[in-house]
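These are the residues of each chain, in order.
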Amino acid sequence: MQASIAHNQPLILPEDRQAVDQVLQSGWLATGKKTRQLENFFASYMEEGQAVAVSSGTAALFIALHSMQLGKGHKVAIPTYSCSALLNAVYMVGAEPVIIDSKNDDFTICPNHLSQYTNKLDAIIAVHTYGAHADIKTLQKFNVPIIEDCCQSLGGYLQNIPYGKNSHCAVFSFYATKIVAGGYGGLIWDRDGQITNKAKDYINFDCRKEYIPRFNFQISDIQSALILSQLQRLENIKKRRIQIAQKYDHALPIHFSRQKLNFENGALPYRYVIRAKNKKDIEKLRTHMQTANINCNIPVERYELLHQYLNLNSENFPNSEHIVETSLSIPLYPGLSDGDVDRICETLNTLSI
Ligand SMILES: *Cc1c(COP(=O)(O)O)cnc(C)c1O
């Protein structure tokens, strides 16, 4: 049996360890200089605006909603094919989620489905799913504030504009399995500072003259150093991910396709999600990869769809129901060796159905 290939793994280089070690030696472990540097990095990466680093992507979503004064009596649209973090953030501020189906080709929030609800909405959270750009341009026509969830799409550009820049604010995650891995961590960016200034006030709870309820959602300089160090090579991370995805494109067996994602247009592929016409074929592929000791997974299982959690009628979410039955994510990360990538391509190649 050949050695097993993990589905995902962070790539931590000596310079990352050195960056963390510097913080450990500095005597300052809480939020501080490194975290301010991380925030400044994002302000220049986005070419304007300001950023606040927080403890997680979920915290970033919650604080963004809170800072936009969304809460009781407000309705926030979120895509069913995403993750429970969105639902949790909406409930945490006391707002009501409006669950929306996804598009079958690129898995992002479906504007057509959304148009049924628009007169009742107060905000939309749009996820750039696995790096595919949600249709922000169409969503803007609904005239409600948009939060761009860039937790799976850091490094992505659309027509030379970084993801997240076309809306009221953007949130990022540095969770251990994301494009840049800090263990935990998140960030909020906005253009005019309205949201990020409120966010800063909210997370700085200690030694405040006036009391209002705030909360500790801060990130440590240890995490910020680890994140910053990886951000220095974001371009290389992107190149390697695209290079691997292109190889897979050539190796895809007949009758299979993949999630629509335009890396020719600037997207950074976070997952390589193979699509089959039916469940039987995707099961065959899964078994075939397992036999070769290559770990694959169904990135969102049926039970994880948000409308399933809320016991809503599945018939209203036909695209997402179809996606979860017919998709399989194969390993895609910069830590894969050329040998690993070749082995995955050969294995794909030898599937016959
Ligand atoms: C990971 C993720 C989050 C939550 O980020 P955490 O840092 O894990 O809290 C939110 N939205 C999306 C789309 C994600 O992929």
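Predicted model only: the values in this text are computed from it and were never measured. (Residues numbered from 1 in each chain as written. Predicted model: local features only at pLDDT ≥ 70, side-chain atom pairs only at ≥ 80, totals over all residues. Heavy atoms only, no water.)

Applying the stated criterion across every chain, the model contains three cavities of 30 Å³ or more. The volume enclosed by the largest cavity comes to roughly 120 Å³. Taken together, 14 residues form the lining of the largest cavity, with P10, L11, K178, I179 and P334 sitting closest to its centre. Looking at side-chain class alone, the lining of the largest cavity contains seven nonpolar, four polar and three charged residues. (1 Å grid on protein atoms, 1.4 Å probe; cavity = no way out; pocket = protein on both sides within 12 Å on 5 of 7 lines; lining within 4 Å. Points joined across faces, edges and corners; volume = space filled by probe spheres on them. Nonpolar A, V, L, I, M, F, W, Y, C, P; charged D, E, K, R; others polar.)

This part covers the site of the ligand. Lining the immediate surroundings of the ligand are 14 residues, of which G57, T58, D149, S173 and K178 lie closest. Within the side chain of D149, one N or O atom sits 2.7 Å away from a nitrogen atom of the ligand. With respect to the ligand, the side chain of Q152 contributes an N or O atom lying 2.9 Å from an oxygen atom. Protein coverage of the free-state accessible area of the ligand, which is 380 Å², stands at 89%. Of the pockets mapped on this structure, the ligand occupies the largest pocket. Counting only elements with at least two residues in the shell around the ligand, the list comes to α3 (57-67) and α4 (84-92). Taken together, the residues of the shell around the ligand sort by class into six nonpolar, six polar and two charged. (Near = heavy atom within 4 Å. Polar contact = N/O pair within 3.5 Å; in protein donor to acceptor, adjacent residues only side chain to side chain. Areas by Shrake-Rupley, 256 points an atom, 1.4 Å probe, with all protein chains shown as cover. Sits in = over half its atoms within 2 Å of the grid points. Helix = DSSP H or I, 4+ residues; strand = E, 2+ residues; numbered from the N terminus.)

The next point concerns the pattern of salt bridges. Under the defined criterion, the tally for this structure stands at 14 salt bridges. For R191, the salt bridge identified is with E48, shortest N-O distance 3.2 Å. Remark: E48 occurs in the loop between α2 (33-45) and β1 (50-54) and R191 occurs in the loop between β9 (186-190) and α7 (194-203); sequence separation between them is 143 residues. By relative accessible area, which is 37% here, R191 ends up partly exposed. The class for E48 is partly exposed, based on a relative accessible area of 31%. Taking the shortest distance from any N to any O, the salt bridge between K75 and E96 comes out at 4.0 Å. Taken together, the positions of K75 in strand β2 (residues 75-79) and E96 in strand β3 (residues 96-100) put the pair 21 residues apart, joining distant regions of the chain. Residue K75 is classed as partly exposed on the basis of its relative accessible area, which comes to 25%. (Salt bridge = Lys/Arg side-chain N within 4 Å of Asp/Glu carboxyl O. Buried < 20%, exposed > 50% of the residue type's maximum accessible area, 1.4 Å probe, protein only.)

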